[in-house]
Amino acid sequence: MSELIYTGNQLPSKHMSNFDEMLTKVLRKPQKDFPHTQRITRDHPTSFVFLIDQSYSMNQYASGSDETTMAEFLANVINQTLNEMIDRCKKGTELRDYFHICLIGYGGDEDDTAKILWEGNLSGKVFVTPSELIDNYLGKSTTFVESKRPDGSVKQIEKTVFEWVEPKSVFRTPMLQAFRLAHDLLVQWIHEHPESYPPTVINITDGMATDGSPDELLDAANSLRELHTEDGNVLVFNIHTSNSADNSVFFPCTKSELVEQDEYAALLFDMSSDLPSNYNKHISNFTKKDIVGAYTAMVVNAPISKMISLLNVGTNTNAIKHS
Amino acid sequence: MKYRGQSISKRGNNENEDHWYFHQEKRCFTLADGAGGVGVFAKEWAVELTESINNLHSLERVITNIQKLKIEFYQERELFLEAHPNYFADKFFEEGSAATLLGAQLTSNSALKMLSYGDSGIFLYKVKTKRLMTNLTVEHFGDFPLLINCNEPETNAQGFFYEELIYEEGDMLVLCSDAVAKYLYLVYLFDIQNHQELEILLGNKNASSEIVLKMLHMAQFDFTATLEQFEESLITEISFTSFCNHLYEQGLLEYDDYTLVIVRL
């Protein structure tokens, strides 16, 4: 995987002389009649970009806990998700790099910018593959899970859980910058992978952006959603988490399902992608309701305890056969 | 009875997770498509299923035999992984090994027992009347095929297709893994102009819908001729590979392993 350009706190679009040309090429590419159907293979990997709120408000204790903050919970969930994504790449006796993964944190330091979160040996990298992840973790722990044998008995399995992200909850919420950085990095990625299953961006936040107006945020989300491979548009998920389980809305089909006069929820709805049908069954399993129509990739007031299930929906590749 | 069969791996990939077998004494054909995206040891499980299941006397007996196989297979892999620990062991214990399964057994009095679990295709084609009997329906063109998984304590009996049919001399029995099966089924739908089912498939908006759209813009399809072309291609692995590649390049076959067995009854 060739290295993408990322110049510290500066957006690539402001520093790369050929960025506009690259963007034009990406936007001009035609799309298939039935998008989001490309197989994910080593020749056609897909990418995931996680935008992680590391603002001060994430310092609150997670609902139901007086020991774990939302930031700690979220870091733990991201690490678990990365472990599961690695598991999905295990095939035969090898680890196959089906995914390119980027983590962008925002609000995690006082210069009020969005930054790529890879540290240690991965520091300086933009998109990282599962084989790079497993060789360059920051820490690890052991956990035990149970699974059933075919004779009905239960087996205890010792699992190693690797860690790459540490919890942070420092400053304000420069979410606009995070969207713009994700946009610029994905222009480059799509330029290199024009036929791949489109990238997925998952934004996880507990509050509103502090560096942009709603219109600016909507523009940034639209610019991101406009990007596409031949297999369809970038998918943008917005997951808002809260300590209040009141008025939770999961993957609505229409705006009428949102709480009336909740302007923030309405903004998130407009910023989020319409999901293709490959996600329907996973969402139906999550909500425990029958499939009713095309879902929107947004969640508002989700308890943080549901985050791992939500990220399983967002990183769903089960409908796509791997080779 | 004459038969030909070939099984080839995905383009540019050495690993073929399909397997088929003919149990001569029992006159039983089997085929399994290992699901590489689920667990590990997909190929080994496909081999285990096809080479062990050789009697379709009754569905209950088949299910009982599958359950026994699951336990043996799991125990063997458990011992192997405990002796050779690596970071794939937990994936096997958590997700198992999964595959589809087809079976076709010729019994006396021109009776044929057909069995399937999952989206691999089994067809009995009556050449004289151009009537096709198959396990496939439009439901099989969705994204979540049923699979037999070695770590599941039960196999859902309702997931099986099991029929006993009478065949005539000259009829064709076909067993194939899903990519070939779907293409053949679509050719049949176009041949008999079953617009209702074709519209349903277009509405799925998935990879199969893309194939339907391409076929809409092509000349008419003849199912008998298509089967005969496939039959001809099965003479050698090279000719079968070439024929499948040609269809793939036209966008008519999904990217996958391809396995096809054609039996002239």
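Residues numbered from 1 in each chain as written. Chains lettered and ligands numbered in written order. Predicted model: local features only at pLDDT ≥ 70, side-chain atom pairs only at ≥ 80, totals over all residues. Heavy atoms only, no water.

1. With respect to the overall build of chain B
Okay, so step 1: Broken down by element type, chain B carries eight helices and twelve strands.
Okay, so step 2: Its C-alpha atoms give chain B a radius of gyration of 18 Å, near enough to 18 Å, the size a compact globule of 265 residues would have.
Okay, so step 3: Projecting the C-alpha coordinates of chain B onto the three principal axes gives extents of approximately 55 × 45 × 35 Å.
Okay, so step 4: Looking at the 265 residues of chain B, the share that counts as buried comes to 57%.
Okay, so step 5: Entry remark: accessible area of chain B is about 11,400 Å², with carbon and sulfur atoms responsible for 48%.
Okay, so step 6: Averaging the locations of the 21 positively and 40 negatively charged side chains of chain B gives two centres separated by 6 Å. (Helix = DSSP H or I, 4+ residues; strand = E, 2+ residues; numbered from the N terminus. Rg over C-alpha atoms; globule rule 2.2 N^0.38 Å. Buried < 20%, exposed > 50% of the residue type's maximum accessible area, 1.4 Å probe, protein only. Areas by Shrake-Rupley, 256 points an atom, 1.4 Å probe, with all protein chains shown as cover. Lys, Arg positive; Asp, Glu negative; His and termini not counted. Charge placed at Lys NZ, Arg CZ, Asp CG, Glu CD.)

2. Thoughts on the pairing of strand E4 (residues 99–106) of chain A
Residues and elements named next belong to chain A.
Okay, so step 1: With eight of eight residues buried, E4 lies mostly within the body of the structure.
Okay, so step 2: With burial as the criterion, each face of E4 is covered, one bearing Phe 99, Ile 101, Leu 103 and Gly 105 and the other bearing His 100, Cys 102, Ile 104 and Tyr 106.
Okay, so step 3: Two elements, strand E1 (residues 46–53) and E4, share eight bridges in a ladder whose sense is parallel. When the sheet's bridge partners are listed, Phe 50 is paired in E4 with Leu 103.
Okay, so step 4: Pairing of E4 with strand E5 (residues 114–116) involves three bridges; the strand directions are antiparallel. Bridge pairing links Tyr 106 to Ala 114 in E5. (Pairing = 2+ DSSP bridges.)

3. Side note on the interface of chain B and chain A
Okay, so step 1: Residue-level contacts link 38 residues of chain B with 36 residues of chain A.
Okay, so step 2: Carbon and sulfur atoms supply 56% of the area that chain B and chain A bury against each other, a total of about 3,000 Å² over both sides.
Okay, so step 3: Linking chain B to chain A there are nine salt bridges.
Okay, so step 4: One salt bridge connects Glu 15 of chain B with Arg 96 of chain A, and the closest N-O pair in it is separated by 3.3 Å.
Okay, so step 5: Taken together, the connections running from chain B to chain A amount to eleven residue pairs in polar contact (both at pLDDT 80 or more). (Contact = heavy atoms within 4.5 Å. Buried area = accessible area lost by both parts, 1.4 Å probe. Salt bridge = Lys/Arg side-chain N within 4 Å of Asp/Glu carboxyl O. Polar contact = N/O pair within 3.5 Å; in protein donor to acceptor, adjacent residues only side chain to side chain.)

4. A closer look at the side chain of Thr 315 of chain A
Residue and element names in this part refer to chain A.
Okay, so step 1: Along the chain, Thr 315 turns up in the segment after helix H9 (307–314).
Okay, so step 2: Reaching out from Thr 315, the side chain makes a polar contact with the backbone oxygen of Leu 311 at a distance of 2.7 Å.
Okay, so step 3: Residues in contact with Thr 315, not counting those within four places in the same chain, are Phe 48, Phe 50, Thr 81, Met 85, Arg 88 and Ile 202.

5. A closer look at helix H2 (residues 59–83) of chain B
Okay, so step 1: For H2 of chain B, built from 25 residues, the straight-helix expectation of 36 Å at 1.5 Å per residue is met to within 8% by its first-to-last C-alpha distance of 36 Å.
Okay, so step 2: All of the buried residues in H2 of chain B are Leu 59, Val 62, Ile 63, Ile 66, Gln 67, Leu 69, Lys 70, Phe 73, Tyr 74, Arg 77, Glu 78 and Leu 81 of chain B. (Expected span 1.5 Å × (residues − 1).)

6. Brief notes about the packing of aromatic side chains
Residues and elements named next belong to chain B.
Okay, so step 1: Scanning the model with the defined rule gives 25 aromatic pairs over all chains in all.
Okay, so step 2: With a centroid separation of 4.3 Å and an interplanar angle of 20 degrees, the aromatic rings of Phe 22 and Phe 29 are classed as stacked.
Okay, so step 3: Residue Phe 29 is classed as buried on the basis of its relative accessible area of 1%.
Okay, so step 4: The structure contains a cluster of three or more aromatic residues connected by ring pairs, namely Tyr 3, Trp 20, Phe 22 and Phe 29.
Okay, so step 5: If you follow Arg 77 out to its NZ or CZ, it ends over the ring of Phe 73, 4.2 Å from the centre.
Okay, so step 6: Across the ring face of Phe 141, the terminal group of Lys 182 is positioned such that the distance to the ring centre comes to 5.8 Å. (Phe/Tyr/Trp six-rings, centres within 6.5 Å; stacked < 30°, edge-to-face > 60°. Lys NZ or Arg CZ within 6 Å of the ring centre and 35° of its normal.)

7. Here's the deal with unusual backbone geometry
Residue and element names in this part refer to chain B.
Okay, so step 1: Of note, Phe 41 is a non-glycine position whose phi angle comes to about 65 degrees, a positive value.
Okay, so step 2: Within the element layout of this structure, Phe 41 appears in the loop between strand E3 (28–39) and helix H1 (42–52).
Okay, so step 3: By relative accessible area, which is 15% here, Phe 41 ends up buried.

8. So, the confidence of the model for chain B
Okay, so step 1: Mean pLDDT for chain B: 92, with 99% of residues reaching 70 or above.
Okay, so step 2: In the predicted assembly, ipTM is 0.78 and pTM is 0.87. (pLDDT = per-residue confidence, 0-100.)

9. Thoughts on the sheet that holds strand E12 (residues 258–264) of chain B
All names here are of chain B.
Okay, so step 1: The antiparallel open sheet is built from five strands, whose spatial order is E1-E12-E11-E7-E8. Of all the strands in the sheet, the pair left with one neighbour each is strand E1 (2–8) and strand E8 (131–134). Strand-to-strand, the axes of this sheet are offset by a mean angle of 15 degrees, without reference to chain direction.
Okay, so step 2: One ladder, built from seven bridges, connects E1 with E12; its direction is antiparallel. Along E12, the bridge assignment pairs Arg 4 with Ile 262.
Okay, so step 3: Lying over the sheet, helix H7 (residues 223–233) contacts E1, strand E7 (121–126), E8, strand E11 (172–176) and E12, oriented at roughly 105 degrees with respect to E12.
Okay, so step 4: Set on the sheet, helix H8 (residues 237–249) makes contact with E1 and E12; between it and E1 the angle comes to about 65 degrees. (Axes fitted to C-alpha atoms, helices over the stretch in contact; angles between N-to-C directions.)

10. Describing the pairing of E12 of chain B
All names here are of chain B.
Okay, so step 1: In terms of residue burial, E12 counts as a mostly covered element, since six of its seven residues are buried.
Okay, so step 2: Pairing of E11 with E12, which is carried by five bridges, proceeds in the antiparallel orientation. Opposite Leu 173, over in E12, you have Val 263 as the bridge partner.

11. Remarks on the environment of Ile 134 of chain A
Okay, so step 1: The topology assignment puts Ile 134 of chain A in helix H4 (residues 130–135).
Okay, so step 2: In this structure, the C-alpha to C-alpha distance between Ile 134 of chain A and Leu 95 of chain A, residues 39 residues apart in sequence, is 9.5 Å.

12. Here we look at the nonpolar core
Okay, so step 1: Core analysis: the biggest nonpolar cluster contains 97 residues, and Phe 50, Ile 78, Leu 103, Ile 104, Trp 118 and Phe 251 of chain A have the highest contact counts within it.
Okay, so step 2: It is helix H5 (residues 175–192) of chain A that contributes the most residues to this core, eleven residues altogether. (Core = buried A, V, L, I, M, F, W, Y, C linked by side-chain atoms within 4.5 Å.)

13. Quick look at the packing of helix H4 (residues 178–191) of chain B against helix H6 (residues 207–216) of chain B
Residue and element names in this part refer to chain B.
Okay, so step 1: In contact at an axis separation of 11 Å, H4 and H6 are set at 40 degrees when each is read in the N-to-C sense. Viewed along their axes, H4 and H6 adopt a mutual orientation that is oblique. The two elements H4 and H6 cross, and the hand of that crossing is right-handed. Together, Lys 182, Tyr 183, Leu 186, Val 187 and Phe 190 of H4 and Ser 208, Ile 211, Val 212, Met 215 and Leu 216 of H6 make up the contact between the two elements. (Parallel < 35°, antiparallel > 145°, perpendicular 65-115°, else oblique. Left-handed = near helix turned anticlockwise from the far one by under 90°.)

14. What to know about the packing of helix H3 (residues 70–88) of chain A against H9 of chain A
Residues and elements named next belong to chain A.
Okay, so step 1: Close contact between H3 and H9 brings their axes to 10 Å; oriented N to C, the two are set at 40 degrees. As the angle between them shows, H3 and H9 are arranged oblique. Along this stretch, H3 crosses H9, giving a crossing that reads as right-handed. Of the residues in H9, those touching H3 at Leu 74, Val 77, Ile 78, Gln 80, Thr 81, Glu 84 and Arg 88 are Met 307, Ile 308, Leu 311 and Asn 312.
Okay, so step 2: Here the contact of H3 with H9 is composed, by residue class, of six nonpolar, three polar and two charged. (Nonpolar A, V, L, I, M, F, W, Y, C, P; charged D, E, K, R; others polar.)

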